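Structural features, examined
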Amino acid sequence: MTDPVKLAVVYYSSTGTNTEVARTLAEAAEKAGAEVRLRRVAELAPEEAIESNPAWAANHRATAELAVATPDDIEWADAVIFGSPTRFGNVAAQLKQFIDTLGGLWAQGKLADKVYSGFASSATRHGGQESTLLALYNSFHHFGGIVAAPGYTDPAKFADGNPYGTSHVDAQGNNPVGDETRTAARIQAERVVRIARTLKAGAAV
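The following paragraphs examine the structure supplied in this document. For clarity, every value in this text was computed on a predicted model and none was experimentally measured.

1. A look at the environment of Ala29
With respect to the secondary-structure elements, Ala29 resides in helix 1 (residues 17–31). Leave out the neighbours within four places in its chain, and Ala29 touches Leu7, Ala34, Val36, Ala189 and Val193.

This is how it looks when you write it as structure tokens:
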């Protein structure tokens, strides 16, 4: 038997949507047999900006005890799922800043041959989730990573309709994470773990 798949779920969330999705992914991956590190990236916004939005301030306090991601978490992992809210159709600065700290690992070839996937959220439908995921996946190609998007590999994926990764429309906080998004996250986590397990088993032969 090979060792369990090591999965890092690394995300940024301002008002808590991506926190919920990240926790769902982590729980599903653990049920699929993975060893999981759930990590948030460091907040870059000033305190006054955070406190100006009650949901942002509440999530900031609620996740204060959650470990902050470091490059060591990526080096440790066999697979990584990154998550970001949509910022003008792109990855949030907080997650991008963390990815930019991985240059040392990249230069040593330590980002290559891992399985990568992503999830996103936005305030409105068609608000940039797909372009955010595609922008995120550009980095995975530069890593030499193996991109494991969920595609339409499960009938339930036709309900949420995003083959690039789990995404959620929070409707300015009026649409909490529900069954459709949680199902998409479960499918994605299970697929990432399954692919990583297959690669890990092959490498051990």
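Still more ground to cover, so stick around.
2. Details of unusual backbone geometry
A positive phi angle, near 60°, is found at His126, a position not held by glycine. Here His126 is to be found in the loop between strand 5 (115–122) and helix 7 (129–143). The backbone of Ala171 shows a phi angle near 50°, a positive value even though the residue is not glycine. Within the secondary structure, Ala171 sits in the loop between strand 7 (167–169) and helix 9 (179–204).

3. Re the nonpolar core
Across soluble globular proteins, nonpolar side chains show a tendency to be buried alongside one another. Counting residues in each nonpolar core, the largest one holds 28 residues, and the members touching the most others are Val10, Ile74, Phe82 and Leu95. Where this core is concerned, the elements lending two or more residues are strand 1 (6–11), helix 3 (54–62), helix 4 (71–76), strand 3 (79–87), helix 5 (93–100), strand 5 and helix 7. With 5 residues, the single largest contributor to this core is helix 7. Sequence-distant contacts of Ile74, defined by excluding residues within four places in its chain, comprise Val10, Val80, Phe82, Phe98, Leu102, Leu105, Leu111, Lys114 and Tyr116.

4. What about the pairing of strand 3?
Judged by how many residues are buried, strand 3 sits mostly within the fold: 8 of 9 residues are covered. Two strands pair when backbone bridges link them, and strand 1 and strand 3 are joined in this way by 5 bridges, in the parallel orientation. Along strand 3, the bridge assignment pairs Ala8 with Val80. Pairing analysis gives 7 bridges linking strand 3 to strand 5, with the strands arranged parallel. Residue pairing across strands places Pro85 opposite Ser121, the latter belonging to strand 5.

5. Focus on the packing of aromatic side chains
Each aromatic ring pair is summarised here by two numbers: the centre-to-centre distance and the angle between the ring planes. With the rule as written, the count across this model stands at 6 aromatic pairs. Ring centres of Phe82 and Phe140 lie 5.8 Å apart, and the angle between their planes is 25°; on these two criteria the pair is classed as stacked. With Phe82 in strand 3 and Phe140 in helix 7, the pair connects residues that are 58 residues apart, well separated along the chain. When its relative accessible area of 0% is taken as the criterion, Phe82 is described as buried. A connected cluster of aromatic rings, assembled from ring pairs, spans Phe82, Tyr116, Tyr137, Phe140 and Phe143. It is Arg37 that lies over the ring of Trp76; its NZ or CZ is 4.1 Å from the centre.

6. Quick word on helix 7
Taking 1.5 Å per residue as the helical rise, helix 7 with its 15 residues ought to reach 21 Å, and the 22 Å between its terminal C-alpha atoms agrees with that figure. Among the residues of helix 7, those classed as buried are Gln129, Thr132, Leu133, Leu136, Tyr137, Ser139, Phe140 and Phe143. Down the axis of helix 7, the smallest arc covering the buried residues is 145°, so these residues share one side. Within helix 7, the exposed residues directed more than 90 degrees away from the buried face are His141 and His142. A positive phi of about 80° marks Gly144, the residue just after helix 7.

7. Some thoughts on the side chain of Thr17
Mapped onto the elements of the fold, Thr17 is located in helix 1. Looking at Thr17, the relative accessible area reads 13%, which means it is buried. Apart from residues lying up to four places away in sequence, Thr17 is in contact with Ser121, His168, Asp170 and Val177.

8. So, the pairing of strand 1
In terms of burial, strand 1 is largely enclosed, as 5 of its 6 residues are buried. Bridge analysis of strand 1 against strand 2 (residues 35–40) gives 6 bridges, and the strand direction is parallel. Along strand 2, the bridge assignment pairs Leu7 with Val36. Handedness of the crossover joining strand 1 and strand 2 through helix 1: right-handed.

Criteria and cut-off values
- Residues numbered from 1 in each chain as written.
- Predicted model: local features only at pLDDT ≥ 70, side-chain atom pairs only at ≥ 80, totals over all residues.
- Heavy atoms only, no water.
- Helix = DSSP H or I, 4+ residues; strand = E, 2+ residues; numbered from the N terminus.
- Contact = heavy atoms within 4.5 Å.
- Core = buried A, V, L, I, M, F, W, Y, C linked by side-chain atoms within 4.5 Å.
- Buried < 20%, exposed > 50% of the residue type's maximum accessible area, 1.4 Å probe, protein only.
- Pairing = 2+ DSSP bridges.
- Phe/Tyr/Trp six-rings, centres within 6.5 Å; stacked < 30°, edge-to-face > 60°.
- Lys NZ or Arg CZ within 6 Å of the ring centre and 35° of its normal.
- Expected span 1.5 Å × (residues − 1).
- Arc of directions from axis to C-beta.
- Right-handed = clockwise from strand over helix to strand, strands pointing away.

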